[in-house]
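# Structure at a glance
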Amino acid sequence: MQVTYWAEHARLETGVEPGVALTVSVSGSAAGSDGRIAAVRTGVDAPPQGATVLRGLTIPGLANAHSHAFHRALRGTVQVGSGTFWTWREVMYQVASRLTPESYFSLARAVYAEMALAGITAVGEFHYLHHAPGGAAYADPNAMGEALIAAAADAGIRITLLDTAYLSAGFGEAPNQHQLRFSDGTADAWAERASALKDSEHALIGAAIHSVRAVPADQLSTVAQWASSRNAPLHVHLSEQTAENDACRAAHGRTPTRLLADHGVLGPRTTGVHNTHLTDEDIALLGGTTTGTCMCPTTERDLADGIGPAAALQRAGSPLSLGSDSHAVIDLLEEARAMELDERLRTRTRGHWTAAALLRAATSDGHTALGRPDAGRIEPGALADFTTVALDTVRTTGPVPRLAAEAVVFAGTAADVRHTVVGGRHVVRDGAHALVPDVPGALASSIAALRG
């Protein structure tokens, strides 16, 4: 069947257009289906009969390219006192130790619903919490991953499950007691388990290398080849901390980026997450191989990681995407402007990216990093995933319509999102989630269940 949406304003490749009618072909019954845009008509002054009206600026659905769903339970808790990334990690381990497939489903469903409210239509879940405490496999070895896939379906968004190889505590070190439930023992065992996961209507299966410290060098190529054989996305935490760089040089005499390059990990299907502390050679390697970069500014500043060389990476040829990572906040508009504003602080100059370029990182380039190059655009043939941001809130009102994208990117927040459509189906309508009636309540109860 076909449905019509009428956008008061829409951000198309030509810029902000008033009065845009979107005809969507929808099949099936589940949210997150393969509904696609059949036609885009501009200059439609009034809503066509029977059309669903979207007041505000409609943009392609946002892509959250890097998520750890269970970190949402840390919000607020890890803001007490001081410390480093490594002390933060100890608190994270405590939450991870309490999760079961059932409680993980409940938490992730609420987190993904929060994402939908923020205009996110697809998430890349960097998933390494595989086994029961102590490392024993569940009866279904992929019970935790399947819980995430089911949670995304219930919340009405798409997911790329980036099943993560996490085999060691550091270079030459066995997993610690917290990490036993992350590890499959070897990359071959990881590949065997991950191979049982299957793509579905709303879910794609990808791969991840947690980091060069967590996967022995002689097993990196196993993960890379698994992803290559499936033409699947491959993500990796890269040079988030200077301590990781120092340890890698001590163990292998080279940077993490060079180590990944030497083992065939880099390439256009690969995305390095953070890419914070890089040498000039690292930047050239990433750009020269068209390896992507996923920046997570709100987490990088929350953990005091540093400001990565995003502008230099893009100039070198590395496509940029964005993620909310630890979910200090879930707001891709904030991630987008933070990338520009952090670069301004670092360089003391303005205007590294236009609003259109930042939106591209938050939409089309993010979806491509998640294995969906047919998403992130409002044009015929693209997936019918889009979101509408209000232009009449205290944050966004004032600018003339042709500057609506600038207003949204540099002043709007997730709280200004009014509509989210996934596969042609209205998941968020007038700021209310259609599938999870009480998202704050769902978050509160699922997080309370994890308190020790």
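Look up a bit, the structure's there.
The structure reproduced in this document is the subject of the present report.

### Brief notes about the environment of Ser445
Structurally, the position occupied by Ser445 is in helix 15 (residues 439-448). Distance from Ser445 to Leu107, taken between C-alpha atoms, is 8.5 Å for residues 338 residues apart in sequence. Among the polar contacts listed, one links the side chain of Ser445 to the backbone oxygen of Ala442, at a separation of 3.3 Å.

### A few points about the side chain of Ser326
Here Ser326 is to be found in the loop between strand 12 (320-322) and helix 11 (332-347). By relative accessible area, which is 7% here, Ser326 ends up buried. Within the structure, Ser326 has its side chain in polar contact with the side chain of Thr299 (distance 2.9 Å). For Ser326, the contacting residues outside a window of four places in its chain are His71, Arg72, Trp88 and Thr299.

### Quick look at the sheet that holds strand 1 (residues 2-12)
Here 8 strands make up an open sheet; going across it, the order is 3-2-1-4-13-14-15-16 and the pairing mixed. The strands lining the two open edges of the sheet, one partner per strand, are strand 3 (36-41) and strand 16 (432-433). Pairing of strand 15 (residues 425-429) with strand 16 involves 2 bridges; the strand directions are antiparallel. Counterpart to Val428 in the pairing with strand 16 is His433.

### A word on the packing of helix 2 (residues 101-117) against helix 15
Two numbers describe how helix 2 lies on helix 15: the axes approach to 9 Å, and their chain directions differ by 150°. Put simply, helix 2 runs roughly antiparallel to helix 15. Considering only the axes of helix 2 and helix 15, their crossing is left-handed. Only Val439, Ala442, Leu443, Ser446 and Ile447 of helix 15 make contact with helix 2, whose side of the interface consists of Ser106, Leu107, Ala110, Val111, Ala113, Glu114 and Leu117. Classifying every residue of the contact of helix 2 with helix 15 gives 9 nonpolar, 2 polar and 1 charged.

Definitions and limits used
- Residues numbered from 1 in each chain as written.
- Predicted model: local features only at pLDDT ≥ 70, side-chain atom pairs only at ≥ 80, totals over all residues.
- Heavy atoms only, no water.
- Helix = DSSP H or I, 4+ residues; strand = E, 2+ residues; numbered from the N terminus.
- Polar contact = N/O pair within 3.5 Å; in protein donor to acceptor, adjacent residues only side chain to side chain.
- Buried < 20%, exposed > 50% of the residue type's maximum accessible area, 1.4 Å probe, protein only.
- Contact = heavy atoms within 4.5 Å.
- Pairing = 2+ DSSP bridges.
- Axes fitted to C-alpha atoms, helices over the stretch in contact; angles between N-to-C directions.
- Parallel < 35°, antiparallel > 145°, perpendicular 65-115°, else oblique.
- Left-handed = near helix turned anticlockwise from the far one by under 90°.
- Nonpolar A, V, L, I, M, F, W, Y, C, P; charged D, E, K, R; others polar.

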